[in-house]
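Coordinate inspection notes
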Amino acid sequence: MAEKKEPKIQQYEYQAELKQLLHLIVHSLYTHPEVFLRELISNASDALNKVRFRLLTDKNVLDKDANQEIRITVDAKEGSFSIEDTGIGMTREDLIERIGTVASSGTMEFLEQLKNSKEKPDLNLIGQFGVGFYSVFMVADEVAIETRHANPDSQGYRWKSDGQGTFTIEEIDKPARGTKISFKFNEASKEYAEEYRLRQIVNKYSNFVDFPILLNGERINRVEALWHKPKGEVKEEELNEFYKFVSNDYQDPLGHLHLSIEGAVNFKALLFIPQTLPPFYFRHEDEKSLHLYSRKIFIQDDCKELLPEYLRFMKGVVDTEDLPLNVSREVTQSSPVMAKIRNTLVSKILALLEEWAKNEPAKYEKFHKNFGPAFKLGVNSDFSNREKLIELLRFESTMTEKGSLTSLKNYVSRMGAEQKEIYYLSGESRDLLERSPNLEYFRKKEIEVLLLSDPVDVFIVPGIGEYDKKPLKSIEKADIDLKKDETAQPEALSENLAQSLIQVFKETLGDKVEDVIESKRLVDSPATLVIGKEGMDAQMEKMLKMFQSRGEGFAKDFPGSKRILEINTAHPLIKNLSRLNMGSAADPLLRQCILQLHEGLLLLNDDLPSPTDFIKRMNEIMAEATKG
Ligand code: ADP
C-alpha cells in the first residue's frame, strides 16, 4: 500500500517592496480597517466572474455546476472569520506571483508619498493600487488561504503568513474549486467578528456585487443591475453607492449619465465623472476604465475600447445585447458594435459637459480644473469632435479674476472692432505671466490676452489656428498685428540714432539673438525678447528642453530657437545708452549694459545660463554708476 505523502511545506520570502508595504499597512496606515472586507469580497467576485466567463465556452471545469456565490462565516465568540468563493481559484504560481508581489510601480510611489505626508493617509484608496488583499493584515495577525484552481486536474494548496516577510505553501486535499481565506481577528479588531458589523460594511461597499453574498448562511446583498432600472426609479443615494462600488472611490461623483440607447446600436450605461483625477492618473497604466457587460453578465472590468483616451477618467458600466456573451478581448478591440457604442458615449458625455458649461458654470469650471490636463488633449486627437472640444476649453485671461476662466466665445464677444486676432501668452503661472513686459502694450490698449498656465495648453492652443475666423497668436511672437501708439508718447530716438544704437546691440550680442529691432509693444520696460515668426512657443521649448535633459530620444537634437530683442526707443535707459553711443560706440559701459539688459530678460524667462557672470557684471556697472 502506498504510504501517505508527508505534507511538504515550503517557505518563501516576500518581494522586498512587499515587505515595506506590509509594514506600512500594518503599522502606519490604520484609518479604516473595515476596508479589508470590501477587498476580500471584491477579489472573490473577480474570481467568480473569471469562472463564469470561462464556463460560457468551456464546460471542462471543476465543479461546473457549483453555485456561484460568496460565503462568509464568522464566530463572535471565537473571533474567527472566513470568506469562501467558488471562483477560479489559484495555482501555486498564482499564490507566489499574485499574492507575493506588488505588480504596479505606481503603488510603491503612492505609498512612499503617503508615508511622507503629514496628513493621515487615506487607506480607502488602497483598492485602486492592486494590493487590496494585504489590508487583511490590519485585522489579523495570521492569515490562511486555501485554494484550488478550476482546472479539473488542479492541486489544492494552503498558503499561510503572519505578514512579517515570509509565507509558506503546502499541498492539501481540497475537493472543491475556489478559494477560502480564514483568520482570527486581532485584539483591536474584535468588533468585526459581530455579524451586524459585517452586514453594515457589506451594505456600505459591496451591495452591488453581482453574486450572492451569504453571511452565516443568510443572503445579505441585493443583486441588481441598477443600469437596467428606468431612470426615474434610481435614487441619488443608490447612484452614489453604485459609483463608489465600481470606482473604488470614497467621494460621491461629480455627475452621472444614465443612458438607454435603442436603434442602430443597443445598450444601457451608467457612467460617472469623478470629483478628481486619481493620483498618478497619467502614469498608472492599470487605471481601470469602464466595465463591460453583455445582458447583465460581466465581461471585462477595464474595457479601454469604449472610450477615447482623453475620456478614460469616466467610471461606470456599459451593458449591451449586441455583443455575443463569449466575446474575447480581440473581438472587443475590432468590433463595429464597440465603435458605435463609443461614438454614442462620446457625444453623450460631451453633451453633458456642454450642458454644465451652459447651466452650471461653477460645476463645469471644477471639472475643467481637475480634468483639463487629460480632457483637453482630445482637441488634438478627436477630429470629429474638435469643434465641440474647442468650445469647451477654458482659460484664465487678463480680463478674468485670478482663478476664474473664460471660453474663446466669451473672449471674442469682448473683442473691440479693430482687434482681428486672439492673443495668448503661455508660461508657468499666472503671476509670472502678469509680469511679462510683452503684456504692456495690451494692457495699455485694454486688449484681452489669454494667460495659459496649464502645461498642456501649449500642445493644444497653437494648433487650434483660428477660432471664429480669428487667428490665435502668441504675444511673444514678432509677427503680431500691433498699431504704433499715436497718442502722447515720451519722445523716442530719431530713426538715425535708433539705427546706430541697434547696430551696437547687434555687434555686442552677436549670435546670442536672432535680431534686434525697435519695439512697438513696450510701454514701461526698456526691452523685451520675442520669438521669430517660425519660432516655437517659449513654454513648449522649455518642456522640450526638460525632456532633453532627461535624455528622452525625440528631443535629443533640439537646439532651442533664438529670440529677437526688441528695444523701447522712448525709454530713458535706452536713450542714455544712445548718448553713450554718440560719445563712443566702443564705450565699455555701453557694451556691459547691453549684455546686462539681455541677460536680465533671460532671467525673467527663467533661462539665465550663468548667474555668476550676471552678478559680476551687475556689480561692475554699479561700481561705475556710484563712483565719485
Ligand atoms: P488586486 O485584486 O487589486 O489585483 P489583490 O492584492 O487584492 O490585488 O490580489 C492580488 C491577486 O491575487 C488578484 O489579482 C488575484 O489574481 C489573486 N486573488 C486574490 N484573491 C483571490 C481569490 N479569492 N480567488 C482567486 N484569486 C485571487
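One can find the structure itself at the top, above this paragraph.
Residues take numbers from 1 onward in each chain, read along the sequence in its written order. Two thresholds apply to this predicted model, a pLDDT of at least 70 for residue-level local features and 80 or more for giving and counting side-chain atom pairs, whereas whole-chain, interface and lining totals are computed over all residues. Neither water nor hydrogens contribute to the side-chain values; these are computed over all heavy atoms in the structure.

1. Re the packing of helix H18 (residues 572-583) against helix H19 (residues 588-604)
Condition: Fitted lines through C-alpha atoms give the axes, limited to the stretch in contact for helices. The angle between two N-to-C directions lies from 0 to 180 degrees. Under the DSSP-based scheme used, a helix requires at least four consecutive residues in state H or I and a strand at least two consecutive residues in state E, with every element numbered from the N terminus. Any angle between 65 and 115 degrees counts as roughly perpendicular, while under 35 counts as roughly parallel, over 145 as roughly antiparallel, and the rest as oblique. For any pair of crossing helices, the crossing counts as left-handed if the nearer helix is rotated counterclockwise from the farther one by less than a right angle, and right-handed if it is rotated clockwise. Residue contacts are defined here by distance: any two heavy atoms, one from each residue, within 4.5 Å place the two residues in contact.
The interhelical angle for the contact between H18 and H19, taken along N-to-C directions, is 150°, at an axis separation of 9 Å. By the criterion of interaxial angle, the relationship of H18 to H19 is roughly antiparallel. When the axes of H18 and H19 are compared, the crossing they make is left-handed. Taken together, the residues of H19 that come into contact with H18 (itself represented by Leu573, Ile574, Leu577, Leu580 and Asn581) are Leu589, Leu590, Cys593 and Leu597.

2. Describing the sheet that holds strand E20 (residues 515-518)
To keep things clear, this is the line we draw: Paired strands, as defined in this entry, are two strands with at least two bridges between them according to DSSP.
Strand order across the open sheet formed by three strands is E20-E22-E21, with mixed pairing between neighbours. Only two strands of the sheet have a single neighbouring strand rather than two, namely E20 and strand E21 (527-531). When strand polarity is set aside, the average angle formed by the axes of neighbouring strands in this sheet is 30°. Alignment of E20 against strand E22 (residues 563-567), held across four bridges, turns out to be parallel. Across the sheet, Asp515 pairs through a bridge with Ile564, a residue of E22. Each of E20 and E22 is contacted by helix H16 (residues 495-509), which is oriented at about 160° to E20, the strand it contacts most.

3. Section: the side chain of Thr528
Our working definition: Two N or O atoms form a polar contact when they lie within 3.5 Å of each other; inside protein one atom must be a possible hydrogen donor and the other a possible acceptor, and for residues adjacent in sequence the pair counts only when both atoms belong to side chains.
With respect to the helices, strands and loops of the structure, Thr528 is situated in strand E21. At 2.6 Å, the side chain of Thr528 and the side chain of Asn438 are in polar contact. When sequence neighbours within four positions are dropped, the list of residues in contact with Thr528 reads Pro437, Asn438, Arg521, Leu522, Ile564, Leu565, Glu566 and Leu601.

4. Quick notes on the nonpolar core
Generally speaking, soluble globular proteins have nonpolar side chains that are buried together. The condition that has to hold: Think of a nonpolar core as a cluster: buried Ala, Val, Leu, Ile, Met, Phe, Trp, Tyr and Cys residues, connected wherever their side-chain atoms sit within 4.5 Å. Relative accessible area decides the class of each residue, using a 1.4 Å probe on protein chains only: under 20% of the type maximum gives buried, over 50% gives exposed, and in between gives partly exposed. All domain edges in this entry derive from an automatic or database-based domain assignment.
Core analysis: the largest hydrophobic core is formed by 70 residues, its most contacted members being Ile273, Phe313, Val318, Leu345, Leu353, Phe367 and Phe375. Broken down by element, the residue count for this core peaks at 11 residues, all from helix H8 (residues 336-359). Split by domain, this core shows at least three residues from each of two domains, domain 2 (226-359) and domain 3 (395-475). Apart from the residues lying within four places of it in its own chain, the contact partners of Ile273 are Pro253, Leu254, Gly255, Phe313, Met314, Leu352, Leu353, Trp356, Phe367 and Phe371. Among the nonpolar cores identified, the runner-up in size contains 47 residues, and Tyr14, Ala44, Val74 and Phe185 belong to it.

5. Section: the environment of Leu472
Tracing the chain through its elements places Leu472 in strand E19 (residues 470-474). What makes Leu472 buried here is its relative accessible area of 10%. Expressed as a C-alpha distance, the spacing of Leu472 and Lys420, which sit 52 residues apart in the sequence, is 9.6 Å. In this view, Leu472 contacts Ile422, Tyr424, Val461, Ile464, Gly465, Glu466 and Tyr467; residues no more than four positions away in its chain are not counted.

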